[in-house]
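Fold and geometry: a report
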Amino acid sequence: MIPFELSFPTRILFGEGELAKIGQEALKLGQKALLVTGGKSAKATGILDKAIASLQQVNLPYVLFDRIEPNPRTTTVDAGAAMARENHCDFIIALGGGSVMDAAKAIAAAALSNRPIYDYMRGNPANLWRELLPIKEALPLMCIPTVAATGSEANHGSVLTHWESHEKSSINGPGMIPKVAILDPTLTYTVPPHITAEASADIFSHLFESYLISNSTSHVQDGFSESLIRNVVHFAPIAMRQPDHAEARATLLWASTLAISAFTRAGRGIAGYPLHQVEHTLSGYYDIAHGRGLAILAIPYFQQIILQDRPERLARMGRECFGVTETDDIAAAQATIPAVQAWFAQLGITQRLADFSIPREVLPDLAAEAVRIGGNGSGYILGSRQLKTEDVLAIYEACY
Ligand code: NZQ
Ligand code: ZN
């Protein structure tokens with residue numbers, strides 16, 4: 001195992017009905033909240049009303065910012081930060097999916113620094129990110145996920161899109177780690193089947209990315225990741241069929257928080273998520289749902305990269321999580337790919353890039369852009385090998 005330092009400072013309140021604790025938890029964070037949500041679902045489902053009632057019960061003033069779009073944009077973050085400053089909000093509450101939580105984290109940072117959030121992004125030609133990241137300070141933050149997907153509620157990252165340049169990338173830093181996260185699985189009962197599918201593919205991807213690249217000496221983490229993958233594979237179709245299945249929703253929600261945490265990554269000596277870098281450019285340009293993009297790219301990534309570089313890891317994932325029985329590693333690794341594909345098919349997320357009106361001739365530019373942003377100037381995305389532009393292009397071509 002490679003030496004590591006691990007800190008998990010977010011307090012987690014997990015359970016059905018925990019949403020009602022927003023008010024009492026908010027009192028510990030500040031005096032006036034910016035309450036950040038998306039455009040529709042929190043209102044339509046009644047979750048927003050419940051959150052507001054809890055804040056009113058403890059007489060905590062708040063200002064509502066309900067404009068976060070999926071794949072949140074820097075312009076929206078800057079507007080939210082301006083609203084927080086103008087209204088003297090001294091902490092932030094995020095109520096929504098990963099997009100809302102990511103935007104709220106960035107608002108918390110920008111409201112304090114009074115800088116445009118694009119200053120922090122890696123593709124910005126001004127290159128200020130080298131001084132500004134990692135973000136050390138932001139307004140205190142409470143996150144309440146309403147989709148089981150990103151794990152943003154307990155990590156230090158925020159994924160944003162600068163739509164003008166189509167850069168989609170993450171900013172990060174300990175200042176943006178939420179102080180408290182309320183995980184109430186009942187909030188996810190209204191997530192429709194197609195979003196449950198995309199979200200589950202995202203959880204799976206957070207798990208397999210570090211697991212497959214890893215050497216094989218992180219035994220505790222391996223067992224942990226395998227347990228989480230098995231549960232996501234099992235419960236995602238159940239939650240799609242029966243949206244209020246309490247056991248499925250609770251399992252997916254807790255799995256989503258743990259999947260991207262240091263508990264599954266630490267000790268593997270891997271910093272990044274290479275397939276995520278390959279995907280982010282797609283959703284940055286074409287607004288594809290992140291999890292759907294990952295599911296599309298995963299199969300050629302397994303075939304072209306992992307099968308060559310880490311067949312023994314792919315074989316192990318197949319045997320432990322997808323019922324593969326072959327004893328030979330290469331045969332087992334090969335058998336894992338259709339098994340994963342069958343699970344994606346069960347979830348209904350097996351499209352091709354051509355289905356999103358992406359012209360084939362832009363793929364070389366998209367691949368170069370993915371490497372530019374994901375490589376931080378190195379000329380490659382680091383994974384089991386150095387993924388160069390031609391590797392990324394080959395993945396895009398294979399699933400076009
Ligand atoms: O926009 P609203 O009206 O809120 O509706 C959302 C949105 O349309 C809806 N929704 C949310 N909660 C619901 C619900 N619908 C019914 N019932 C509910 N309870 O779901 C749609 C998708 O929401 P979104 O927040 O975009 O999904 P998700 O949670 O998958 O987040 C995706 C974003 O997170 C980033 C992705 O790149 C993407 O931008 N990521 C963030 C990470 C992080 N911070 O650590 C890591 C991830 O790898 C990922 O990159
Ligand atoms: Zn993800």
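Throughout what follows, the structure given in this document is the object of discussion. Because the structure is a prediction, the values reported are computed rather than measured. (Residues numbered from 1 in each chain as written. Chains lettered and ligands numbered in written order. Predicted model: local features only at pLDDT ≥ 70, side-chain atom pairs only at ≥ 80, totals over all residues. Heavy atoms only, no water.)

Looking at a nonpolar patch on the surface
On the surface, Met-1, Phe-4, Leu-6 and Phe-263 cluster together to form a nonpolar patch covering roughly 370 Å² of accessible area. Tracing the backbone through its elements, the reader meets Leu-6 in the segment before β1 (11-14). (Patch = residues over 30% accessible without salt bridge, like charges linked within 9 Å, V, L, I, M, F, W, Y side chains within 5 Å. Areas by Shrake-Rupley, 256 points an atom, 1.4 Å probe, with all protein chains shown as cover. Salt bridge = Lys/Arg side-chain N within 4 Å of Asp/Glu carboxyl O. Helix = DSSP H or I, 4+ residues; strand = E, 2+ residues; numbered from the N terminus.)

Description of helix α15 (residues 363-374)
Side chains three or four residues apart in an α-helix point the same way, a direct result of the helix having 3.6 residues per turn. Here α15 spans 16 Å end to end across 12 residues, near enough to the 16 Å set by a 1.5 Å rise per residue. Buried residues of α15: Leu-363, Leu-366, Ala-367, Glu-369, Ala-370, Val-371, Ile-373 and Gly-374, and no others. Buried residues along α15 sit in contact with β7 (167-172), α11 (274-286), β9 (381-382), β10 (386-387) and α16 (389-398). Once α15 ends, the next one or two residues include Asn-376, with phi positive near 50°. (Expected span 1.5 Å × (residues − 1). Buried < 20%, exposed > 50% of the residue type's maximum accessible area, 1.4 Å probe, protein only. Contact = heavy atoms within 4.5 Å.)

Looking at the site of ligand 1
Close to ligand 1 lie 31 residues; Gly-98, Ser-99, Asp-102, Thr-146 and His-206 are nearest. One nitrogen or oxygen atom from the side chain of Lys-168 is found 2.8 Å from an oxygen atom belonging to ligand 1. Alone, ligand 1 offers 960 Å² of accessible surface; in the complex the protein occludes 87% of this. Broken down by secondary-structure element, the contributors of at least two residues to the shell around ligand 1 are α5 (98-113), β6 (157-162), α7 (193-213) and α11. The residue inventory of the shell around ligand 1, partitioned by class, reads 10 nonpolar, 17 polar and 4 charged. Viewed by domain, the shell around ligand 1 spans two of them, domain 1 (11-188) and domain 2 (193-398), each represented by three or more residues. (Near = heavy atom within 4 Å. Polar contact = N/O pair within 3.5 Å; in protein donor to acceptor, adjacent residues only side chain to side chain. Nonpolar A, V, L, I, M, F, W, Y, C, P; charged D, E, K, R; others polar. Domains from an automatic or database assignment.)

Quick look at the packing of helix α8 (residues 219-241) against helix α9 (residues 246-259)
For the pair α8 and α9, the least separation of the axes is 9 Å and the interaxial angle reads 140°. In terms of their interaxial angle, α8 and α9 are classed as oblique. In terms of crossing hand, the pair formed by α8 and α9 is left-handed. Residue-level inspection shows Phe-224, Leu-228, Asn-231, Val-232, Phe-235, Ala-236, Ile-238 and Ala-239 of α8 in contact with α9, the latter providing Glu-247, Ala-248, Arg-249, Thr-251, Leu-252, Ala-255, Leu-258 and Ala-259. (Axes fitted to C-alpha atoms, helices over the stretch in contact; angles between N-to-C directions. Parallel < 35°, antiparallel > 145°, perpendicular 65-115°, else oblique. Left-handed = near helix turned anticlockwise from the far one by under 90°.)

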